Amino acid sequence: MSTVATTLTPESADWSQPSKGRTAMICLIIAESAIFSIFVVAYLYYIGKSASGPTPRQVLDLPILSSICLLSSSATITFAIRALISGDTGRFGFWWLATIVLGGYFLFETGREWHDLIYNKGLTIQTNLFGTTFYSLVGLHAFHVLVGLLALLIVMGFTFAGAVKREHAERCEVLALYWHFVDVVWIIVFTVVYIIGL
Amino acid sequence: MNTSPTQSSIAGVMGLPEDAARTWTVFDHLHQWVVTVDHKKLGLMYIMYGLLFFVVAGIEASLIRIQLAVPNNHFLPPRLFNELFTMHGTTMVFLVGMPLIFGFANYLVPLMIGARDLAFPRLNAFGFWLSVFGGLLLYFSLVGGMGMTGAGSMPDIGWFAYAPLTSPAFSRGHSTDYWTIGVLVGGLGSIATAVNIITTILCLRCKGMTLMKMPLLAWLNLVMCGMVLIAIGPLTAAQIMLLFDRFLGAHFFDTQAGGSAVLWQHFFWIFGHPEVYVLILPGFAFASEIIPVFSRKAIFGYPVMVGATVAIAFVSLGVWAHHMFTVGMTPIGNTFFAISTMLVGVPTGIKIFNWIGTMWGGKIRFDTPMLFCVAFLVQFLIAGLTGVMLSVVPFDWQLNSSYFVVAHFHFVLVGALLFTIFGAIYYWFPKATGRLLSERLGKWHFWLFLIGFHVTFDTMHIPGMLGMPRRIYTYEAGRGWDALNMICTVGVGFQALGILFFVGNVLWSLFKGKRAGNDPWDAWTLEWSTTSPPPEYNFAEPLVVKSRRPLWDIKHPTDPDWKFE
């Protein structure tokens, strides 16, 4: 993975193979899905098995606004990639920044929710099985959002420095794949925690 | 001290003045290995790392066998015995098996598909050093297990670390934490390398090498890495949960707070059973390359071999609970996992028939690599048969956690995997070093190890049938196990002697072995078309292949394979 932009010789028509970046990212997503499925299974298995309160119904509020923000960031990152492919780096920067703001707001809301749960409602990871599985699953997802945000911020830095050009569209697309994955995982986590689990 | 060939040749190519006066010290060479991103160097480091820990875990196994040789033995204290079988199992799976298979995959896959390196060389180095770090963390518990200031101790929780043994109440100190973190970190390294190898195989094949023209070794490693992606994740997740339990007071496996100890077993074996196939598929890969070359015939039933591999991977993801029949599952669960386990026998059986079909009517040369592969065929068949026996639920209720199970999986991991790894070392050593291993010492190694293996592990089935449980540090005299245990221990001596011949052979051949040339076995895959050892760039020109045996086509221009495939 050299950081120098290379001009690739066009592959001959009778011999083409898939893109390295996309293939590797799909592999990583498969591995990550396996990790998430185990946490989801643990969450589902322990629903209603807590020995003491509080229960999800008593303390959880639906994070509707932040969920909408996170899911719409999948759209903004797609707009950003399209802008980059057409060579409009200004428009790319705008949509990329919008993605970061939306993802950042989601993370901020998660932090606020956790603060409220810990200090006002008395739910920690030690309280009961609900606390254990809730903080692990939501926390694992939030950790992935955080990693994604850091990667997005690095690209943002390069964009401000004027270093992101049309030829980097494929790399940004690979990063976008990861971001879409984080969003899809949130749909599953939301369904499990805030719909099935309530 | 000599000048580095790479350094001077690059300088020469780039028209720079060659720094001939500069001499290379030991530290320069060491530095070159530490910072390398070359797949061949990393592959060799993986293999050396695996072999180093193989000796460590082998010594642990020998100590266990000495303790069990006679009844009422006090050679080892009980706690140390528990620590030794834990470390033996963990080391053999995570620090011997995984590095060895990834080492061979690293070294061979790019050479066999005509690529110059893996897709992401730096990620490759990262994966390797993560694995090393994981191994060092595990063994650091020897000095730091009770905390930085206390006395060291090794984990004593068994390699599958069942809850509640791992709970803070039963595992005081930090040895269990080093086990958890070591395995976790090593697992992340495995995922990184698996991503890399899959990408290499899918994206960097040389021109003309369609998926169905790849060497079977590449196919089997592709499937193996796919299984690593799916199987290591559950292990990682379970280890994270265990760390939360131990450090943050979470309750995943804490039965007092409503948690489930059985859930850990499910999570562990969702990783643990596919892991067996992760380890054995590269063994199949070596056999699928070696047997055709030494039978002088193309592999029999290539498409079926590919299909069977994918089938094994698919079925093996749905068999994990056969490790848990004695936990008490529902009849439906028992039936499902018994049938799925038996089903694995079908594609593996197809593979055995295809290897025999390859040998059938061939002009077989019994050089050392082939000897190991033939022994593998027989031993893997026996391992499969005892595996099918154990898939029968009532039979498993009787024999689970007995020495019968120990004998069964050692037939898989030693009789099948280790034998093919030895075969692979004898086969590809000349490619990596430029010198052949001694056939004479190799035959001593083979026969001593074969005899030792069978004396130990054939015999071990019987005390299991007679009711001897696993993981007991000693037993009373007069239960009918005494002589059998002594025989098992005697076999270890033969195995150790065989390993001594192997180590001696490697050291002697490294300096005095016969020069190999590019293609000592008259083989057909691309790695034999370059020099031994290959240059850093592997191949000077981009390659084009037309069949599964490109070197056959070159050697027999009037009768090329691509006319018939």
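Residues numbered from 1 in each chain as written. Chains lettered and ligands numbered in written order. Predicted model: local features only at pLDDT ≥ 70, side-chain atom pairs only at ≥ 80, totals over all residues.

Novice: What am I meant to see in the overall build of chain A here?
Specialist: When its secondary structure is counted, chain A shows six helices and zero strands. Taken from the N to the C terminus, the helices and strands of chain A come in the order α-α-α-α-α-α. Dimensions of chain A, computed from C-alpha atoms along their principal axes, come out at roughly 65 × 35 × 25 Å. Across the 198 residues of chain A, 35% fall into the buried class. Taking contacts inside chain A between residues at least 6 apart in sequence as the whole, the part at least 24 apart equals 84%. (Helix = DSSP H or I, 4+ residues; strand = E, 2+ residues; numbered from the N terminus. Buried ≥ 20, exposed ≤ 12 C-beta atoms within 10 Å, placed from the backbone. Contact = placed C-beta atoms within 7 Å.)

Novice: It is not clear to me how the overall build of chain B should be interpreted in this structure. Could you clarify?
Specialist: What chain B contains, in helices and strands, is 16 helices and zero strands. In terms of overall size, chain B behaves like a compact globule, its C-alpha atoms giving a radius of gyration of 24 Å where 565 residues would be expected to give roughly 24 Å. Its C-alpha atoms give chain B principal-axis dimensions of roughly 70 × 55 × 40 Å. The burial tally for chain B puts 52% of its 565 residues in the buried class. (Rg over C-alpha atoms; globule rule 2.2 N^0.38 Å.)

Novice: Looking at this structure, I do not really get helix 5 (residues 129-160) of chain A. What am I missing?
Specialist: Side chains three or four residues apart in an α-helix point the same way, a direct result of the helix having 3.6 residues per turn. With 32 residues, helix 5 of chain A extends 46 Å from end C-alpha to end C-alpha; this agrees with the ideal 46 Å at 1.5 Å per step. Phi for G162 of chain A, located one or two positions after helix 5 of chain A, is positive at around 75°. (Expected span 1.5 Å × (residues − 1).)

Novice: How should the environment of L371 of chain B be read in this particular structure?
Specialist: Residue and element names in this part refer to chain B. Structurally, the position occupied by L371 is in helix 11 (residues 368-391). In sequence terms L371 and V278 are 93 residues apart; their C-alpha atoms lie 23 Å from each other. Setting aside anything within four residues of it in sequence, one finds L371 in contact with F366 and F446.

Novice: Would you explain helix 7 (residues 216-248) of chain B in this entry?
Specialist: Residue and element names in this part refer to chain B. The terminal C-alpha atoms of helix 7 lie 47 Å apart, and with 33 residues this matches the ideal 48 Å at 1.5 Å per residue to within 8%. At L229, helix 7 shows its largest bend, some 25°. In terms of burial, helix 7 is a largely internal element, 27 of the 33 residues being buried. Taken from the residues just after helix 7, G249 is the one with a positive phi, measuring 75°. (Bend = angle between axes of the 7 residues up to and from the residue.)

Novice: How should I be thinking about the packing of helix 8 (residues 261-295) of chain B against helix 13 (residues 403-433) of chain B in this particular structure?
Specialist: How two helices sit against one another is set out by the angle between their axes and by the gap between those axes. Residues and elements named next belong to chain B. In contact at an axis separation of 9 Å, helix 8 and helix 13 are set at 45° when each is read in the N-to-C sense. Relative to helix 13, the element helix 8 lies oblique. As for the relative orientation of helix 8 and helix 13, their crossing is left-handed in sense. On the side of helix 8, the interface is formed by V276, L279, I280, G283, F286, A287 and I290, while helix 13 contributes V412, L413, A416, L417, T420, I421, G423, A424 and Y427. Per-class residue counts for the contact of helix 8 with helix 13 are 13 nonpolar, three polar and no charged. (Axes fitted to C-alpha atoms, helices over the stretch in contact; angles between N-to-C directions. Parallel < 35°, antiparallel > 145°, perpendicular 65-115°, else oblique. Left-handed = near helix turned anticlockwise from the far one by under 90°. Nonpolar A, V, L, I, M, F, W, Y, C, P; charged D, E, K, R; others polar.)

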